[in-house]
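One letter stands for each residue in the lines below.
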Amino acid sequence: MRISVIGTGYLGATHAAALSGWGHDVVGIDVDPSRVTQLAAGIAPFHEPGFDELLLEGVRAGRLTFSTDLSAAVDADVHFLCVGTPQSGTGHGADLTALWQAVDALAPHLRRGALVVGKSTVPVGTAARVQERLEDLVPPRHGVEVAWNPEFLREAHAVEDSLHPDRLVLGVASDAAETRLREVYAPVLRDGIPAVRTDLQTAELAKASANVMLASRISLVNMLAEVCEAADADIERLTEILGLDARIGPRYLSPGIGFGGGCLPKDLRAFASRATELGVDSASELLGAVDAVNTHQRQRAVDLTVRLLDGHPHGRNVAVLGAAFKADSDDLRDSPALAVAGAVSQLGACVRVFDPQAGRHLRDRVDLEVHDSIESACAAAEATLVLTEWPQFAEVDPVALGRVVERRVIVDGRLVLDPTRWARAGWRVHAFGRGETTPSAVSRKAG
């Protein structure tokens, strides 16, 4: 099948590569010439495990091409809209500027019977407006139809989630549209992946609702962690107990400095904004609290750092391990780690950052020193903050690192460190939900 993908950002590029991997002929369209040139050469513009190989395979096989010219998509049977829908600059709603630009630009190139499929996360009701817009722009009786097929990609697992999704949502208004989408996804449907056919509105709500549920869960466990600290309880044992409850389950029960990235924060706010427009005012109150707890986690990390520096951060060396919003990604969008690092720097500290992938994107930041190794970032540090859950941070030798720093004080913002191991090496370890672990406390326990 001949398919076009409009928008080759994180979502679009990954989707295009997956489609070509299934044997479809795919053209990716983007307004950014440099991105198109890079992708056409088989070079990944972002870090995502497995994406480089999948991209290069499609390009070399000739099944995957890229262009800035929408006329290259004229012979496609299916067109996927994968443009960004960031938070509006004037409120919490979604900015659909790129979507409407894509729809308007695509319309003249649609042939009779084309299927336009939205994958971008949009406010409910958008698909119907896209259908109306296309009916105004294409010739009468052209038979162009709109469907919605939300993505459920997790950064750092996007290739796996594309090639082996746990579900497909087919938001369609006709049997013909469903049949066409089933042809697109035939390889995964043969593997027994569940596909839910539904209306356009429910499909639009699917991704945003999943992110609202996930964001709420993360904020709730962070609230529980703060209560544990106040009550001298153990968040790890508590989450173990909660995870054994079949109604709750063990996933996403680890506290930390909160969620970030290009999806959860803006989707949470956009959902609440749209719900309010629809007259569901309770959504704003509930989800506003979820958002506030998440933002509070970042401030807690900053406040803890200041306290560990005896209330005087100005001129002090602070090492930050991790800048990306999550491990195995170089994405800095709304990164809690970067927000904490920036806030500590604004208080006058000399902040030295190391991230295995995202560091290269920070070279222009004048407020942060970017280093190429853990040891370099931690040299003479009076406080060390672990803010992204990169596996190599958990594997650091605390004895060796202790010889590099000025003070053996560390904040585990992602609960990736073994506090007993680090305390035995002479470190004071601070982690959300389990408070402080000190060398003396470990010695008393051992005795």
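The structure presented is a predicted model; accordingly, all values stated were derived computationally and were not measured.

(A) Spotlight on helix 4 (residues 97-106). Those residues of helix 4 that fall on the buried side of the exposure criterion are Leu 99, Trp 100, Ala 102, Val 103 and Leu 106. Taken down its axis, helix 4 places every buried residue within 160 degrees of arc, on the same side. Packing partners of the buried residues in helix 4 comprise strand 1 (2-6), strand 4 (78-81), strand 5 (115-118) and helix 5 (126-137).

(B) Structural context of the sheet that holds strand 15 (residues 435-437). On the basis of which strands lie adjacent, the open sheet formed by 7 strands has the order 11-10-9-12-13-14-15 and mixed pairing. Strand pairing shows two members of the sheet lacking a second neighbour, strand 11 (369-370) and strand 15, which therefore form its edges. When strand 13 (residues 409-412) meets strand 14 (residues 428-431), the two strands line up parallel, connected through 4 bridges. Residue Val 409 lies in a different strand from strand 14, and its bridge partner there is Arg 428.

(C) Representation of the side chain of Ser 335. Locating Ser 335 in the fold gives a position in the loop between strand 9 (317-321) and helix 13 (336-346). Among the polar contacts made by the side chain of Ser 335, one reaches the main-chain amide nitrogen of Ala 337 at a distance of 3.3 Å. Among residues more than four places away in sequence, those in contact with Ser 335 are Arg 298, Ala 323, Ala 324 and Phe 325.

(D) Representation of the packing of helix 9 (residues 200-231) against helix 12 (residues 282-308). Remark: helix 9 packs on helix 12, axes separated minimally by 9 Å, with the N-to-C direction vectors making an angle of 50 degrees. In terms of their interaxial angle, helix 9 and helix 12 are classed as oblique. The way helix 9 lies across helix 12 gives a crossing that is left-handed. On the side of helix 9, the interface is formed by Val 212, Ala 215, Ser 216, Ser 219, Asn 222, Met 223, Glu 226 and Glu 229, while helix 12 contributes Leu 287, Val 290, Val 293, Asn 294, His 296, Gln 297 and Arg 300. Grouping the amino acids of the contact of helix 9 with helix 12 by side-chain chemistry returns 6 nonpolar, 6 polar and 3 charged.

(E) The arrangement of the packing of helix 12 against helix 13 in detail. Put simply, helix 12 and helix 13 touch, their axes get as near as 9 Å, and they point 40 degrees apart. As the angle between them shows, helix 12 and helix 13 are arranged oblique. Crossing handedness for the pair helix 12 and helix 13: right-handed. Note on element contacts: helix 13 touches helix 12 through Pro 336, Ala 339, Val 340, Ala 343 and Val 344, opposite Arg 298, Ala 301, Val 302 and Thr 305. Here the contact of helix 12 with helix 13 is composed, by residue class, of 7 nonpolar, 1 polar and 1 charged.

Criteria and thresholds
- Residues numbered from 1 in each chain as written.
- Predicted model: local features only at pLDDT ≥ 70, side-chain atom pairs only at ≥ 80, totals over all residues.
- Heavy atoms only, no water.
- Buried < 20%, exposed > 50% of the residue type's maximum accessible area, 1.4 Å probe, protein only.
- Helix = DSSP H or I, 4+ residues; strand = E, 2+ residues; numbered from the N terminus.
- Arc of directions from axis to C-beta.
- Contact = heavy atoms within 4.5 Å.
- Pairing = 2+ DSSP bridges.
- Polar contact = N/O pair within 3.5 Å; in protein donor to acceptor, adjacent residues only side chain to side chain.
- Axes fitted to C-alpha atoms, helices over the stretch in contact; angles between N-to-C directions.
- Parallel < 35°, antiparallel > 145°, perpendicular 65-115°, else oblique.
- Left-handed = near helix turned anticlockwise from the far one by under 90°.
- Nonpolar A, V, L, I, M, F, W, Y, C, P; charged D, E, K, R; others polar.

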